[in-house]
Amino acid sequence: MVFKSKIKWVALFVLTLSLGSLVAHLSMTKFSSMNLVQYSAKDALSHDFPNIGSPVGRNKRLWGAVRSLESLQPYANPRNSYPEIQESTRSKGISYKFKSFSYLYDEEQFIASLKNDVIIVKSLPEYLKAARRKNEFPTFKPKNSASPSFYVKEILPSLKKAKVVGLIITDGGCLQSILPPSMSEFQRLRCRVAFHALQFRPEIQILGRRMVERLQAWGQPFLAYHPGLVRDTLAYHGCAELFQDVHTELIQYRRDQMIKQGIINEELSVDSHLRRENGSCPLMPEEVGLLLRAMGYPSKTIIYLAGSETFGGQRLLIPLRAMFANLVDLTSLCSKTELLELIGPEAPLPPDTFQLPHPKSEEQLKEEWNRAGPRPRPLPPPPDRPIYQHEKEGWYGWITESDKEPDPSPMDLRMKAHRLLWDALDYIVSVEADAFFPGFNNDGSGWPDFSGLVIGQRLYERASSRSYRPDRKIIAALFKSTRDDMYHPKRNWTLSAKEHLNRSLSEDGLIRQSLLAKPASFLSHPLPECSCRISSVEITKQTKDKDGGFLYGGEEECPKWMQSAGAEGVKYDDTESAEDDNDVVEQLESDGADVTSSLTSQIDSDEEWDPDD
């Protein structure tokens, strides 16, 4: 009896402690929940850089200009004359305030900037509008790889006969990228159109510059990063296995569509990991974060995340955000009011047509039971759970109900138009960034490439700006060698990654870029036609394409009015860059065996960044 009474007292004591602990926890929750605040990128920046507006000395090794490219200057002015063309813009009803062209671009600027090159009209004459509705003049759909001879032999005779032709551009271009040297003036016209005439409408430019100023207000340089994780591109290259669950299924569904449309002539299922080793798949945000750490970028570095679509969502960005807490995007820099003003007034959408599926009748259930097969039969499944509205919404909701992707809804089309505006803002910030890192460019698909266009404009406007051009095949091999210990790499791995990224900034990286990028898109590598070179600087490397045309090193000499200022800048920067080289040597010598330990300590100091998680 005494033993049983002791057990009762112990049980009562334990129960009392548990009750007291529960009351204490509930009290703490009640009084502490009021102090919880939502994470804000601006608050994090304020904590890391309290002296806003005070410029801080920059590390030239991480943010300095690339001296081997300083002699290149933008020069797309015409050297000769050439024929005229006529172009018209067509309203697609994206927003009732804008035409399709003026939704993004400044129409008046476009017309005025090219008045000495081509004749541009805002709309067709009435008799041509009527003829177009009746299909009375020929229409062509040139590919982005169309040759000049296609226009001379196919389109020009029709133009002379009908006096007017229609061109429908569907592949992001209508002329092959590389043209013979005799057509250099057309290449320079491409540059004047892309880099001078095509300006975003004033509202976009003002907000974009405001975003850049807000980033620069912290007194720190910032790096722009575009992941390039787009569903179509991932499906094209067969990178589905790099993702999980529904994302793999969505990529495979899109790849199956491309195969049926003749866009891809491959099998549906391919080895995604082998594709990654070949450099055909994007660098994941986690890998980019580790590369930036290996380069020496501190954890407080401000990184601007560009791209309106990051397939895989925020889950993929968690490791990068753990390494670089100051990861911001347009939602961190712009208010909802600013973004709504950019969109402009929009017509109300039709009412939501969502309906719950009709429940099955008893006859249908009995018929299904009878078709279930020979006995013994399994128990009938539980009744279907109703699908609620919040589960139906989302671009992937259809995959739980159907094997066929539905047509885009009015809201989907509207959001797609909005993403064009967000991409325009991201483009402005990326071009103005102190450094740019692409997650996926030169993919070989031939489609317009955000990162490639950004790199091309940065190359045109300021060739010495720090634009990384990593070789994904080399990077994949580096990560494969340390895949089991990515967060504690050896010293040689860190030095190898740093050396490769530094080479990608220089002439070596630019030459490799020219061989891959220019055949697919001239605007991603507008050299040598749209640049000139300071005559006092010696050309050390030249590269030609398969037809003997220059890809790099064949730039003309800059005019005299550009020579003096450019030469002084190059001379001044050469002096600085010599100091930078010494800094690099000193850094490598001082790092020694501590390179790995320094990287390890930075990662281990963050409790959220556990490699075993």
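In short, a report on the structure. Predicted model, so just to flag it, every value in this text is computed and none were measured.

Thresholds, definitions, all that
Residues numbered from 1 in each chain as written. Predicted model: local features only at pLDDT ≥ 70, side-chain atom pairs only at ≥ 80, totals over all residues. Heavy atoms only, no water. Helix = DSSP H or I, 4+ residues; strand = E, 2+ residues; numbered from the N terminus. Buried < 20%, exposed > 50% of the residue type's maximum accessible area, 1.4 Å probe, protein only. Contact = heavy atoms within 4.5 Å. Areas by Shrake-Rupley, 256 points an atom, 1.4 Å probe, with all protein chains shown as cover. Patch = residues over 30% accessible without salt bridge, like charges linked within 9 Å, V, L, I, M, F, W, Y side chains within 5 Å. Salt bridge = Lys/Arg side-chain N within 4 Å of Asp/Glu carboxyl O. Core = buried A, V, L, I, M, F, W, Y, C linked by side-chain atoms within 4.5 Å. Pairing = 2+ DSSP bridges. Phe/Tyr/Trp six-rings, centres within 6.5 Å; stacked < 30°, edge-to-face > 60°. Lys NZ or Arg CZ within 6 Å of the ring centre and 35° of its normal. Disulfide = S-S within 2.5 Å. Axes fitted to C-alpha atoms, helices over the stretch in contact; angles between N-to-C directions. Arc of directions from axis to C-beta. Polar contact = N/O pair within 3.5 Å; in protein donor to acceptor, adjacent residues only side chain to side chain.

Quick look at the overall build of the protein now. A tally of regular secondary structure across the protein gives 24 helices and 14 strands. Buried residues in the protein amount to 41% of all 613 residues. Contacts in the protein between residues at least 24 apart in sequence constitute 79% of all its contacts with a sequence separation of at least 6. Summing over all exposed atoms, the protein offers an accessible surface of approximately 35,400 Å²; the carbon and sulfur share of this is 55%.

Looking now at a nonpolar patch on the surface. The grouping of Val10, Phe13, Val14 and Leu17 at the surface amounts to a nonpolar patch, some 400 Å² of accessible area in total. For valine 10, the position within the fold is in helix H1 (residues 2-32).

Core analysis: the biggest nonpolar cluster contains 40 residues, and Leu223, Tyr225, Leu291, Leu292, Tyr297, Phe437 and Tyr468 have the highest contact counts within it. When residues of this core are assigned to their parent elements, the largest contribution, 6 residues, is made by helix H12 (residues 285-295). With sequence-adjacent residues up to four places away left out, tyrosine 225 is seen in contact with Leu283, Met284, Pro285, Val288, Ile303, Tyr304, Leu305, Ala306, Leu320, Phe437 and Gly439. Counting 37 residues, the second-largest nonpolar core is a separate cluster that includes Met211, Leu333, Cys334 and Val429.

Moving on, we get to the sheet that holds strand E1 (residues 72-74). Read from one edge to the other, the open sheet built from 3 strands follows the order E1-E11-E14, with strand pairing classed as mixed. Whereas interior strands pair on both sides, the edge strands pair on one side only; in this sheet they are E1 and strand E14 (556-557). With 2 bridges connecting them, strand E11 (residues 531-533) and E14 associate as parallel partners. Looking at E14, one finds that cysteine 532 is bridged to glutamate 556.

What follows covers the packing of aromatic side chains. Under the defined criterion, the tally for this structure stands at 11 aromatic pairs. Measuring from centroid to centroid gives 5.5 Å for phenylalanine 150 and tyrosine 151, while their planes differ by 85°, and the two rings are edge-to-face. When the centroid spacing of 6.2 Å and the interplanar angle of 75° are considered together, the rings of phenylalanine 200 and tyrosine 427 count as edge-to-face. Of this pair, phenylalanine 200 sits in the loop between helix H7 (184-197) and helix H8 (202-216) while tyrosine 427 sits in helix H18 (residues 410-432), and the two are 227 residues apart along the sequence. Assigned by exposure class, phenylalanine 200 and tyrosine 427 land together as buried. Among the aromatic residues, those joined into a cluster by ring pairs are Phe101, Tyr105, Phe110, Phe200, Tyr427 and Phe450. The side chain of arginine 201 reaches across the aromatic face of tyrosine 103, ending 5.9 Å from its centre. Positioned above the aromatic ring of phenylalanine 324 is the side chain of arginine 293, whose terminal nitrogen or guanidinium carbon lies 5.5 Å from the ring centre.

With that out of the way, let us pick up the state of the cysteines. Covalent bonding between the sulfur atoms of two cysteines is what defines a disulfide. Counting across every chain of the model gives 3 disulfides. The disulfide partner of cysteine 532 is cysteine 558, and the S-S distance across this bridge is 2.1 Å. As the torsion about the S-S bond is roughly 90°, the cysteine 532-cysteine 558 disulfide counts as right-handed. With cysteine 532 in strand E11 and cysteine 558 in the loop between E14 and helix H23 (560-591), the pair connects residues that are 26 residues apart, well separated along the chain. Each of the two residues, cysteine 532 as well as cysteine 558, counts as buried. Sequence-ordered numbering of the bonded cysteines in the protein gives a disulfide pattern of 1-4, 2-3, 5-6.

A word on the pairing of strand E6 (residues 222-226). Most of E6 is tucked away, with 5 of its 5 residues classed as buried. Residues Phe222, Ala224 and His226 of E6 are buried on one face, and the alternating residues Leu223 and Tyr225, pointing to the opposite face, are buried as well. Sheet topology note: the E6/strand E7 (residues 302-305) ladder contains 4 bridges and is parallel. Its bridge partner lying in E7, tyrosine 225 is registered against leucine 305. Sheet topology places E6 next to strand E9 (residues 435-438); 4 bridges connect them, and they run parallel. When the sheet's bridge partners are listed, histidine 226 is paired in E9 with proline 438.

The sheet built from 5 strands is open, its strands ordered E8-E7-E6-E9-E10 with parallel pairing. The strands lining the two open edges of the sheet, one partner per strand, are strand E8 (327-328) and strand E10 (466-467). Strands in contact with H8 are E6, E7 and E8; relative to E7, the strand with the most contacts, it is inclined by about 160°. Along the sheet, helix H19 (residues 450-461) contacts E6, E9 and E10; its crossing angle with E9, the most-contacted strand, is approximately 150°.

This part covers unusual backbone geometry. In this model, leucine 527 is joined to proline 528 through a cis peptide bond whose omega is 0°. Position of proline 528 among the secondary structure elements: in the loop between helix H22 (507-517) and E11. For asparagine 135, which is not glycine, the phi torsion reads 55° and is therefore positive. Backbone geometry at lysine 163 places phi at a positive 70°, although glycine is not the residue there.

Given 3.6 residues per turn, any residue in an α-helix points the same way as the ones three and four places further on. All buried positions along helix H20 (residues 472-481) are accounted for by Arg472, Ile475, Ala476, Leu478 and Phe479. Each buried residue of H20 lies within a common arc of 160° when the element is viewed along its axis, so the set occupies one face. Exposed residues lying more than 90 degrees from the buried face of H20 are Lys480 and Ser481. Residues of H20 that are buried sit in contact with helix H11 (272-277), H12, helix H21 (491-505) and H22. The backbone nitrogen of lysine 473 lies 3.0 Å from a side-chain oxygen of the residue at the head of H20, namely aspartate 471.

Relative to the helices and strands, phenylalanine 450 is located in helix H19. Taking the C-alpha atoms as reference points, phenylalanine 450 and glycine 307, separated by 143 residues in sequence, lie 8.2 Å from one another. Beyond its immediate chain neighbours, meaning those up to four positions away, phenylalanine 450 contacts His226, Ala306, Asp423, Asp426, Tyr427 and Ser430.

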